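Topology and contacts: notes
Residue-level listing of the chains:
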Amino acid sequence: TWHLKKIPQIVRERTFSLDSPKFEAKPNLELNSVCGIECQRKLPVPSLSDLKNLLSYETVFENGTRTLTEVNVLGAVPDPAANTTTRRPLRKKRQIYGTDSRFSIYDKRFMTNFPFNTAVKVSTGCSGILVSPKHVLTAAHCLHNGKDYVKGSKRLRVGLMKTKSRSNGRKRKGAKRRTSDGLPSFQWTRVKSTHIPKGWFKGVSGDIALDYDYAVLELKRPHKRKYMELGISPTIKMMPGSMIHFSGFDNDRSGQLVYRFCSISDESNDLFYQYCDAEPGSTGSGIYLRLKEPNKKKWKRKIIAVYSGHQWVDINGEQQDYNVAVRITPLKYAQICFWIHGNDGNCTQG
């Protein structure tokens with residue numbers, strides 16, 4: 001069953017106008033020199049004042065203006081088991097670990113139906129997932145490098161999948177009918193605003209902090225598709241089904257929607273370390289669990305993490321690599337839910 005947790009409250013305190021960003025940073029889909037597994041184990045539990053600072057957030061609007069919103073955190077209970085991990089043997093290969101276990105989704109009956117139709121493409125080169133009729137969850141580093149917003153994020157767009165039409169325009173007399181090649185095309189929608197937690201920015205966290213590598217995009221126009229629900233990330237031992245799943249648009253399979261699933265190898269309080277095969281382009285995908293609830297025939301799915309990408313870190317003086325995901329903790333659930341709804345009334349149970 002899903003393990004529900006009481007959710008702390010994120011309360012808006014003050015909002016300030018900031019100078020418009022430069023939008024000059026280069027997108028970097030592979031991050032280096034981040035706090036790895038060993039480092040995560042030694043991190044102290046953040047204080048209430050730390051949390052208020054880390055969970056304050058910037059909002060950038062489509063006209064280039066920017067604000068900073070300071071928040072208060074109510075009802076946050078420090079996790080006594082913070083940053084404990086389950087040690088598993090680490091592997092030393094790249095994003096594809098041994099046999100490539102990814103699946104390209106070609107059949108339009110799957111591609112345009114739930115859950116695969118919740119996957120979206122972000123115009124900066126990443127993926128994302130629909131979490132409301134007008135909100136997309138993705139990775140912060142797809143939009144901001146810790147110091148400035150990346151090029152292209154000022155006119156940010158989100159691509160929702162649609163299958164290519166069987167004919168291109170009206171059929172002329174005597175013209176041959178073009179058939180679909182089975183690949184998705186995209187209906188592009190402008191982004192109205194973008195929320196990024198302050199914990200992602202250098203100077204607040206000291207360095208790139210993967211713990212806060214998530215962002216929410218508000219679309220200019222709502223869509224009418226089914227979207228994925230948010231959930232609280234359980235520990236490995238308490239995980240329903242023991243497998244995580246996600247779909248995105250990997251760069252090495254151009255134009256294809258790519259699905260994969262795997263088990264989690266290690267965890268810290270804020271991150272999952274796993275070896276799901278993935279390439280750049282799938283960064284920002286929503287990682288979900290699925291569970292068949294008692295007396296119900298259909299699967300229940302919830303997003304419990306955001307795929308951050310492939311990472312190299314120093315562990316015991318050696319370079320190790322893994323694929324990492326940012327867990328949706330009760331605090332992050334409260335923040336993302338607040339961004340979506342504008343209040344915490346709908347965010348009491350995760």
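Okay, so let's go over this structure. Since the structure is predicted, the reported quantities are computational estimates derived from the model, not experimental observations.

1. Description of the overall build of the protein
A count of helical and extended segments in the protein gives four helices and 18 strands. Taking the contacts inside the protein whose residues are at least 6 apart along the sequence as the reference set, 74% of them involve residues at least 24 apart. Accessible surface computed for the protein: about 16900 Å², of which carbon and sulfur atoms make up 48%.

2. Concerning the state of the cysteines
Overall, the coordinates contain one disulfide when judged by the stated rule. Between the sulfur atoms of C126 and its disulfide mate C142 the distance is 2.1 Å. Across the disulfide from C126 to C142, rotation about the S-S bond amounts to roughly -95°, and the bridge is consequently left-handed. With C126 in strand β6 (residues 126–132) and C142 in the loop between β7 (135–138) and β8 (157–163), this pair connects stretches of sequence that are 16 residues apart.

3. Focus on the side chain of E58
If you trace the backbone, E58 turns up in strand β2 (residues 57–61). Within the local environment of E58, its side chain forms a polar contact with the side chain of R66, the two groups lying 3.3 Å apart. A distance of 2.7 Å separates polar atoms of two side chains, one belonging to E58 and the other to Y149. Those residues in contact with E58 that sit more than four places away from it in its chain are L18, R66, T67, L68, Y149, T194, H195, I196 and F201.

4. Here we look at the pattern of salt bridges
Here the structure, examined in full by the defined rule, presents nine salt bridges. One salt bridge in this structure joins R14 and E70, with 2.8 Å as the shortest N-O distance. Here R14 is found in strand β1 (residues 9–18), whereas its partner E70 is found in strand β3 (residues 66–74), with 56 residues between them in sequence. In this structure, the salt-bridge partner of K300 is E229, at a minimum N-O distance of 2.9 Å. Here E229 lies in strand β11 (residues 229–230) and K300 lies in strand β17 (residues 299–315), a separation of 71 residues in the sequence. The exposure class of K300 is partly exposed, given its relative accessible area of 24%. A residue is classified by how much of its surface remains accessible, and E229, at 36% relative accessible area, is partly exposed. Look at the salt bridges and you will find they share partners, linking E62, R190 and K220 into a network.

5. Observations concerning the nonpolar core
Residues L55, L137 and L230 are the most contacted members of the largest nonpolar core, which totals 67 residues. Top contributing element to this core by residue count: helix α4 (residues 330–341), with eight residues. Non-local contacts of L55, meaning those with residues more than four positions away in its chain, are made with I10, V71, V73, Y212, Y214, L331 and Q335. Residues C262, I264, I304 and A325 belong to the second largest nonpolar core, which totals 15 residues.

The rules we used
- Residues numbered from 1 in each chain as written.
- Predicted model: local features only at pLDDT ≥ 70, side-chain atom pairs only at ≥ 80, totals over all residues.
- Heavy atoms only, no water.
- Helix = DSSP H or I, 4+ residues; strand = E, 2+ residues; numbered from the N terminus.
- Contact = heavy atoms within 4.5 Å.
- Areas by Shrake-Rupley, 256 points an atom, 1.4 Å probe, with all protein chains shown as cover.
- Disulfide = S-S within 2.5 Å.
- Polar contact = N/O pair within 3.5 Å; in protein donor to acceptor, adjacent residues only side chain to side chain.
- Salt bridge = Lys/Arg side-chain N within 4 Å of Asp/Glu carboxyl O.
- Buried < 20%, exposed > 50% of the residue type's maximum accessible area, 1.4 Å probe, protein only.
- Core = buried A, V, L, I, M, F, W, Y, C linked by side-chain atoms within 4.5 Å.

Taken by themselves, the reported measurements are silent on function.
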